[in-house]
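Topology and contacts: notes
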Amino acid sequence: FTARSGSDDGRAVSVLMDIEHRIDLGRDITLQLARPALLVLPLVALLLGWAIRQGLRPLTHLSEDVAALDAQAGDRLGAEHRYREFTSTVQAINGLVDRLQAQARREREFASDVAHELRTPLASLALQSAAAGRDPSPERLHQLEQEALRAGRILQQLLDLARAQRDPVARTDLSAVASALVAESAPAAFATGHEVSLVGADGPRWIAAPPMLVELALRNLIGNAVRHTPAGTQIVVELLQDGAWVCASVSDDGQRPDAGPHTAASPGLGLGLRLVQRMAEQHGGSLLRDTGEPPATTRFMLRWPALDAPGNP
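Residues numbered from 1 in each chain as written. Predicted model: local features only at pLDDT ≥ 70, side-chain atom pairs only at ≥ 80, totals over all residues. Heavy atoms only, no water.

Re the overall build of the protein chain
Along the protein chain, the regular secondary structure elements total six helices and nine strands. The burial tally for the protein chain puts 33% of its 313 residues in the buried class. For the protein chain, the share of sequence-separated contacts (at least 6 apart) that also reach a separation of at least 24 residues comes to 68%. Just so you have it, the protein chain exposes about 19400 Å², and 59% of that area is on carbon and sulfur atoms. (Helix = DSSP H or I, 4+ residues; strand = E, 2+ residues; numbered from the N terminus. Buried < 20%, exposed > 50% of the residue type's maximum accessible area, 1.4 Å probe, protein only. Contact = heavy atoms within 4.5 Å. Areas by Shrake-Rupley, 256 points an atom, 1.4 Å probe, with all protein chains shown as cover.)

Here is the structure:
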């Protein structure tokens, strides 16, 4: 190391140091700095780990409470949870449990309806088969055929529903679906002495539901009207917008075996209407039943939330 004086006399001071001594000095300085850090860092790590575990303990307790829930038994988390920070989380979990329970209840009711609807034709099939074996008359064979067709219709409806539920949710023009379906159903209805007409399909009516589900729902309603009313019945499919709802109704002026003012959820409607109700509710809609406007005697109305045309917000 050399230091020169500030004067112009040219004097300088030089300090000579052995290189090994310099290295030893640097090592000593490094050790003096590193030793406290080596002692403190493990302690800091321990304290940090303890703090993290303490902070996560409420979440661990909440996870244990959630894992212990029995949704089938209707268990819910306590509304006043001991950790106020998780109040919104507890409310969200309870809401999810409530929705799961409602879904499970609907599934049980639907399974019960299916079992009931299938039990009747299958029992009749067994009886008619035994009777036809003893007396194979044309009447008994015809009854056997009708019961087999009825069971087949129920199974086909279930298959259609399972297939339609796999379709992604998309914008559907209810007017286009109804127009195509009425045009398709009119010849078969005419052959049985029924007349099917369409009202209100003068423009697009958009809903958020898969086209196949909408078609299945309307097809069931029109098919029920044709099967359960006498020849000469007028069947009217009407489309309208009621505030925030887009509606499609199927009315008829015939006398049905189960005619009467009751809701779509009441007994006696059969699996077909249960399927329609399920299809509507799956995408925020509903199925209503009333007597309709005279001369109609029965009206079933499907409702879905209205949407703007594509491209509009």
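Concerning the pairing of strand 7 (residues 245–252)
Along strand 7, seven of the eight residues are buried, which leaves the element largely enclosed by surrounding structure. Two elements, strand 6 (residues 234–242) and strand 7, share eight bridges in a ladder whose sense is antiparallel. What sits directly across from V236, in strand 7, is S251. Here strand 6 folds back onto strand 7, and the loop between the two strands holds two residues, one of which, G243, carries a positive phi near 65 degrees. Pairing analysis gives eight bridges linking strand 7 to strand 9 (residues 298–307), with the strands arranged antiparallel. Note that in strand 9 the partner of V250 across the bridge is F300. (Pairing = 2+ DSSP bridges.)

Notes on the pattern of salt bridges
Here the structure, examined in full by the defined rule, presents five salt bridges. Across the pair D24 and R27 runs a salt bridge, and its minimum N-O distance is 2.8 Å. Of this pair, D24 and R27 are both found in helix 1 (residues 19–67), three residues apart, which corresponds to roughly one turn of the helix. Look at D24 and you get partly exposed, because its relative accessible area is 37%. Taking the relative accessible area as the measure of exposure, R27 reaches 45% and is therefore partly exposed. E215 is paired through a salt bridge with R219; the nearest N and O atoms lie 2.4 Å apart. Residue E215 and its partner R219 are both found in helix 5 (residues 211–227); the two are separated by four residues, about one turn of the helix. Assessed through its relative accessible area of 31%, E215 is described here as partly exposed. You can call R219 partly exposed: its relative accessible area is 31%. Here the residues in one salt-bridge network are E184, E215 and R219, joined through shared partners. (Salt bridge = Lys/Arg side-chain N within 4 Å of Asp/Glu carboxyl O.)

Some details on the packing of aromatic side chains
For the coordinates displayed, the defined rule picks out zero aromatic pairs. Cation over ring: R303 sits above W245, and NZ or CZ is 4.1 Å from the ring centre. (Phe/Tyr/Trp six-rings, centres within 6.5 Å; stacked < 30°, edge-to-face > 60°. Lys NZ or Arg CZ within 6 Å of the ring centre and 35° of its normal.)

Notes on helix 4 (residues 174–191)
Along its 18 residues, helix 4 runs 26 Å from first to last C-alpha, staying within 8% of the 26 Å computed at 1.5 Å per residue. The largest bend along helix 4 measures about 35 degrees and falls at S185, with the proline P187 one to four residues further on. At the N-terminal boundary of helix 4, the capping side chain belongs to D173, with an oxygen 3.1 Å from the backbone nitrogen of S175. Once helix 4 ends, the next one or two residues include G193, with phi positive near 85 degrees. (Expected span 1.5 Å × (residues − 1). Bend = angle between axes of the 7 residues up to and from the residue. Polar contact = N/O pair within 3.5 Å; in protein donor to acceptor, adjacent residues only side chain to side chain.)

So, helix 1
With 49 residues, helix 1 should reach 72 Å at 1.5 Å per residue; the first-to-last C-alpha distance of 68 Å fits that figure. The largest bend in helix 1 comes to about 40 degrees, at R57, with the proline P58 one to four residues further on.

Regarding a nonpolar patch on the surface
On the surface, a cluster of nonpolar side chains totalling about 360 Å² of accessible area is made up of L48, I52, L56 and L59. Examined against the element boundaries, L56 turns out to sit in helix 1. Residue class for L56 comes out partly exposed when judged on its relative accessible area of 44%. (Patch = residues over 30% accessible without salt bridge, like charges linked within 9 Å, V, L, I, M, F, W, Y side chains within 5 Å.)

Regarding the confidence of the model for the protein chain
Any segment with low pLDDT has predicted coordinates that should not be analysed in fine detail. Per-residue pLDDT for the protein chain averages 79, and the proportion of residues at 70 or more is 83%. Note that residues 309–313 has pLDDT below 50 and, in this model, six contacts with residues that lie over four places away or in other chains. (pLDDT = per-residue confidence, 0-100.)

Here's the deal with the nonpolar core
L174, V214, L218, L221 and L302 are the most contacted members of the largest nonpolar core, which totals 37 residues. Discounting chain neighbours no more than four positions away, the residues touching L221 are V250, L273, V276, L287, F300 and L302. In this structure, L77, F86, I93 and V97 belong to the second largest nonpolar core, which totals six residues. (Core = buried A, V, L, I, M, F, W, Y, C linked by side-chain atoms within 4.5 Å.)

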